[in-house]
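Reading the structure
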Amino acid sequence: MFEGVPLTWFLIVATIMFFIGIYGFLVRKNLITILMSLELILNSVNINFVAFNKLLYPQHMEGMFFTVFVIAVAAAEASVAIAIIINIYRRLINIDVERIDEMKY
Amino acid sequence: MTTNQFMFFLFATIIVVFSVLTVTSRRILRAATFLLFVLVSTAGLYFMLKFNFLAAIQLTLYAGGIVVLIIFSILLTSQIAEKLEQPALTKKIFAGLAAVIGASLCIYTILLYNFIPSNLPSIGTNVDTIGQALISTGKYGYALPFEVISILLLSAMIGSIIVAKKRKD
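Residues numbered from 1 in each chain as written. Chains lettered and ligands numbered in written order. Predicted model: local features only at pLDDT ≥ 70, side-chain atom pairs only at ≥ 80, totals over all residues.

**Thoughts on the overall build of chain B**
We count it as follows: Under the DSSP-based scheme used, a helix requires at least four consecutive residues in state H or I and a strand at least two consecutive residues in state E, with every element numbered from the N terminus. Here the radius of gyration uses the C-alpha set of atoms, whereas the globule reference equals 2.2 Å times the residue count to the power 0.38. Exposed residues have 12 or fewer other C-beta atoms within 10 Å of their own C-beta, buried residues have 20 or more, and residues in between are partly exposed; the C-beta atoms are placed from the backbone. Two residues qualify as a contact pair if the distance between their C-beta atoms, derived from the backbone, is within 7 Å.
Scanning chain B from N- to C-terminus turns up six helices and zero strands. Relative to its length of 169 residues, chain B is extended, with a C-alpha radius of gyration of 21 Å against a globular reference of 15 Å. In terms of overall dimensions, chain B has C-alpha extents of about 55 × 50 × 30 Å along its principal axes. Burial status across chain B gives 23% buried among its 169 residues. A separation threshold of at least 6 residues defines the contact pool for chain B, and within that pool the share at least 24 residues apart is 49%.

As C-alpha cells, then:
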C-alpha cells in the first residue's frame, strides 16, 4: 500500500497498456507505428519494475536500475530501427510491412 | 479519495486513453503526439512514486529523445496529410481478441496473487546513491551492466550512422 494506492492498480494499468501495445503491433502496417507500439510495450514493463521496486522492496534499487537499462536499450533500438526504416524508404519509397518483400523469394 | 489516489486515476486514465488513441489514430503525426502524452504521464507516475531521477530520465530520453526521433522519421518518410489505410476487419477482430483475452488473463492472475507490501523505509533515490551504485563492483553494484550498456549505445550509434548513410554508388 502506497498511501492509498495498492500495487495491483499499477500492475493493472501496466497490463492494459502492454496489451494495447500488442494490439497495435498486430494491427498496424506502417513500420513507424509498429515502432511506436513497441515503445508502449517497453514503457509498460518499466512501470511494472518501478512499482515492484517501490512497493515490495523499497530498501533495494534493482527495479530502478533495470528501468534505466531498459530505457537505454529502447533508445538504442529506436535509433537503429529508424536508420533501417529510412534506408528502406530510400530504396523502396514506402514503409508498409506488407509491401516490403524484396528478400522473400 | 486521497490526493495520491486522485493523481493515480488521472495518470492512469491519460495513459489508457492515449495508448488506445496511439494505436488506433489514422493520422501518423497525431499518433506520435499521443505517444508523447502517454510517456509524459508515465513520468508523472514515477514522480508520484518519488523516483525523481528516473522521471527526469523518462522525460529527457523518452519524451525528448525518442519521440522527437520518431517525429523526424515520420516527416522524412510519410505523407503526413494523408490518412493511414484502415486495417482489415478480421485482423482487427483477432488482434483485439488476443489483446482482450491476454489482458483479462493477466489481470485475473494479478488479482488472485496476494502481494505482501513492505513497510521498510525507502532507501531514497537521490543521485548520490544512484551514482555510487552505478560504479560499485561489490554487492548491489552495477558497474558491469553500466559498461555493457555503454558499449551497446556506442555500437548502436555507429551502426545506425552506417546504415542510414547515403551510399556513393
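**Some words on the interface of chain A and chain B**
A common way to report how large an interface is uses the accessible area buried once the components associate. Stated formally: As a working rule, the residues Ala, Val, Leu, Ile, Met, Phe, Trp, Tyr, Cys and Pro are called nonpolar, Asp, Glu, Lys and Arg charged, and the rest polar, with Gly in that last group.
Taken together, the 63 residues of chain A in the interface contact 69 residues of chain B. Those elements that place two or more of their residues in the side of chain A that touches chain B are α1 (7-27), α2 (31-55) and α3 (62-92) of chain A. With 21 residues, the single largest contributor to the side of chain A that touches chain B is α3(A). In terms of residue class, the side of chain A that touches chain B is made up of 45 nonpolar, 13 polar and five charged.

**Quick notes on the domain arrangement of chain B**
Applied cut-off: In this document the domain limits rely on a domain assignment from an automatic tool or a database.
Here chain B is partitioned into domain 1 (3-125) and domain 2 (126-169). Taken together, the contacts link four residues of domain 1 of chain B with four residues of domain 2 of chain B.

**What to know about the nonpolar core**
Short version of the rule: Each nonpolar core consists of buried Ala, Val, Leu, Ile, Met, Phe, Trp, Tyr and Cys residues. Their C-beta atoms, within 7 Å, join them into a set.
The biggest cluster of nonpolar side chains holds 68 residues, and the ones touching the most others in it are A:Ile32, A:Val50, B:Ala32 and B:Leu35. Those elements that place two or more of their residues in this core are α1, α2 and α3 of chain A together with α1 (3-24), α2 (28-48) and α3 (52-77) of chain B. Ranked by residues supplied to this core, first place goes to α1(A) with 13 residues. Leave out the neighbours within four places in its chain, and A:Ile32 touches A:Ile85, A:Ile95, B:Ile28, B:Ile70, B:Ser73, B:Ile74 and B:Thr77.

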